[in-house]
Amino acid sequence: MSDRSEPRLEQAPGTSTTGSRSAAVPGQPPKPAMSLEGICRTFEQGSVKLEVLRGVSLRLFPGEIVALVGPSGAGKSTLLQIAGLLERPDAGEIRIGDAEASRLNDQQRTLLRRSHIGFVYQFHHLLPEFSALENVMLPQLIAGLSKSEARERARQLLALVGLHKREDHRPARLSGGEQQRVAIVRAIANVPHVLLADEPTGNLDPHTATDVFSELRRIVHATRLAALIATHNFDLAAKMDRVLEVYEGGVIERADAGRAGP
Ligand SMILES: Nc1ncnc2c1ncn2[C@@H]1O[C@H](COP(=O)(O)OP(=O)(O)O)[C@@H](O)[C@H]1O
Ligand SMILES: [Mg+2]
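The structure displayed is predicted, hence computed values, not measured ones. (Residues numbered from 1 in each chain as written. Chains lettered and ligands numbered in written order. Predicted model: local features only at pLDDT ≥ 70, side-chain atom pairs only at ≥ 80, totals over all residues.)

Asker: Sorry if this is basic, but what is going on with the confidence of the model for the protein here?
Answerer: When pLDDT drops low, the exact placement of atoms in the prediction is not to be read closely. Of all residues in the protein, 88% have pLDDT values of 70 or greater, and the mean over the chain is 89. Taken together, the stretch residues 1–20 has pLDDT below 50 and engages in 31 contacts with residues farther than four places along the chain or on a different chain. (pLDDT = per-residue confidence, 0-100. Contact = placed C-beta atoms within 7 Å.)

Now the structure itself:
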């Protein structure tokens, strides 16, 4: 039997994030948590123009975990950076909830990113001088929670991924899988609507990668987050709800997703 406590993730006392994740209304089409329309991005290196994204459109719905696959250099990271409002596209629109990113100034984009989007990278990017608990508290303190509120929620989140006995460990004293679990719960500490992850299990051995991915998928389904996960790992991609492939500057939906079971 599991000794993990199961905190109710939606309840982040005092968070300034807007609204709750709305459940689908019967008779109405579900509302995407995020949509991208006609995203274009070209890089210029000297006289060479590299058209990486040539009109990418996609939608992410609450409670689904979607794989983003494609060969190295296809544009997965570029697309995630743009979806996460870290870079601007040359053309196209990003909608997060009811907000249209192109209408926002830099400060409004930053606020929207902080309140609505969580990121996980291949390398954990935890702050080395801080404990696991403090790493999960930090984004909440930045969002305006009190220390005691942030500590309580950080404890719950670490317990959710089985790390309640590792709260005081610094990242260097955690295994690779544990570091990524901390990075995942840090990413959802402020109750984002969208989780973007760029090869989140890419540094882990296959067994640990599968375990960490299972935790991630469980959290996405339980919290009704909308998640887009770039991965090279086709076994993991097949365990997601849908698979999108970046192909020749566009994104196509692969039909073979969601059949691999747990
Ligand atoms: N800032 C940049 N300047 C120039 N070229 C870039 C830049 N970022 C990415 N690229 C190029 O765009 C292409 C897509 O890169 P990336 O999005 O990292 O692909 P993936 O994540 O699928 O491996 C690659 O050819 C890469 O070299
Ligand atoms: Mg990449």
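Asker: Looking at this structure, I do not really get the sheet that holds strand E10 (residues 250–254). What am I missing?
Answerer: A sheet is described by the order of its strands in space; here six strands give the open sequence E6-E7-E8-E3-E9-E10, paired in mixed fashion. Of all the strands in the sheet, just strand E6 (117–120) and E10 have a single pairing partner and so form its edges. Direction aside, the axes of adjacent strands within the sheet are offset by 20° on average. Two elements, strand E9 (residues 242–247) and E10, share five bridges in a ladder whose sense is antiparallel. The residue bridging Val243 from the neighbouring strand is Arg254, located in E10. Helix H1 (residues 76–83) contacts strand E3 (65–69), strand E7 (194–198), strand E8 (226–230) and E9 of the sheet and is inclined by roughly 150° relative to E8. The strands touched by helix H5 (residues 176–187) within the sheet are E6 and E7, with E6 carrying the most contacts at an inclination of about 170°. (Pairing = 2+ DSSP bridges. Helix = DSSP H or I, 4+ residues; strand = E, 2+ residues; numbered from the N terminus. Axes fitted to C-alpha atoms, helices over the stretch in contact; angles between N-to-C directions.)

Asker: Sorry, what's going on with the nonpolar core here?
Answerer: Across soluble globular proteins, you tend to see nonpolar side chains buried next to one another. Core analysis: the largest hydrophobic core is formed by 70 residues, its most contacted members being Val66, Leu68, Val136, Val185, Val194, Ala227 and Ile229. In terms of residues, this core owes the most to one element, helix H6 (residues 206–223), which gives six residues. Discounting residues that sit within four places of it in the chain, Val136 has contacts with Ala154, Leu157, Leu158, Val182, Val185, Arg186 and Ala189. (Core = buried A, V, L, I, M, F, W, Y, C linked by C-beta atoms within 7 Å. Buried ≥ 20, exposed ≤ 12 C-beta atoms within 10 Å, placed from the backbone.)

Asker: Any chance you could explain the pairing of E6 here in plain terms?
Answerer: Regular strands have side chains that alternate between both faces of the sheet. Here E6 shows a buried face lined by Ile117 and Phe119 and a second buried face lined by Gly118 and Val120. Summarising the sheet, E6 and E7 pair through four bridges and their orientation is parallel. Looking at E7, one finds that Ile117 is bridged to Val194.

Asker: When you look at the site of ligand 1 in this model, what are you seeing that I'm missing?
Answerer: As a structural note, the neighbourhood of ligand 1 is formed by Phe43, Gln45, Leu50, Val52, Gly70, Ser72, Gly73, Ala74, Gly75, Lys76, Ser77 and Thr78. Contributing elements (two or more residues each) for the shell around ligand 1: strand E1 (34–45), strand E2 (48–60) and H1. The dominant element in the shell around ligand 1, judged by the number of residues it contributes, is H1, at three residues. For the shell around ligand 1, the class distribution of residues is four nonpolar, seven polar and one charged. (Near = placed C-beta within 6 Å. Nonpolar A, V, L, I, M, F, W, Y, C, P; charged D, E, K, R; others polar.)

Asker: Is there a simple way to think about the environment of Val182 in this case?
Answerer: Along the chain, Val182 turns up in helix H5. Judged by C-beta crowding, with 27 C-beta atoms within 10 Å, Val182 ranks as buried. In this structure, the C-alpha to C-alpha distance between Val182 and Leu157, residues 25 residues apart in sequence, is 8.6 Å. Contacts of Val182, omitting those with residues within four sequence positions, involve His124, Leu126, Ala132, Asn135, Val136, Leu163 and Leu174.

Asker: What is the right way to look at H1 in this model?
Answerer: Because each turn of an α-helix spans 3.6 residues, side chains separated by three or four positions end up pointing in the same direction. Buried within H1 are the following residues: Lys76, Leu79, Leu80, Ile82 and Ala83. For H1, the angular spread of buried residues about the axis comes to 165°, placing them on one side. Directly after H1, the chain includes Leu85, whose backbone phi takes a positive value near 65°. (Arc of directions from axis to C-beta.)

Asker: Would you mind showing me how to read the sheet that holds strand E5 (residues 99–100) here?
Answerer: In a beta sheet, neighbouring strands are held together by backbone hydrogen bonds and run either parallel or antiparallel to one another. Strands sit in the order E2-E1-E4-E5 across an open sheet of four strands; the sheet is antiparallel. Pairing within the sheet leaves two strands with one partner each, and these edge strands are E2 and E5. Relative to E2, E1 runs antiparallel, the two being bridged by 10 bridges. Opposite Leu36, over in E2, you have Leu58 as the bridge partner. Where H1 meets the sheet, its contacts fall on E1, E2 and strand E4 (91–96), and the angle it forms with E1 comes to roughly 125°.

Asker: In this structure, what is going on with the packing of helix H3 (residues 132–142) against helix H4 (residues 147–160)? I would like to understand it.
Answerer: A pair of packed helices can be characterised by two numbers: the angle between their axes and the separation between those axes. The interhelical angle for the contact between H3 and H4, taken along N-to-C directions, is 125°, at an axis separation of 8 Å. Between H3 and H4, the crossing angle belongs to the class labelled oblique. Remark: the crossing between H3 and H4 carries right-handed chirality. Here Ala132, Leu133, Val136, Met137, Gln140 and Leu141 of H3 come into contact with H4, specifically with Lys147, Ala150, Arg151, Arg153, Ala154, Arg155, Leu157 and Leu158. Residues that form the contact of H3 with H4 fall into these classes: nine nonpolar, one polar and four charged. (Parallel < 35°, antiparallel > 145°, perpendicular 65-115°, else oblique. Left-handed = near helix turned anticlockwise from the far one by under 90°.)

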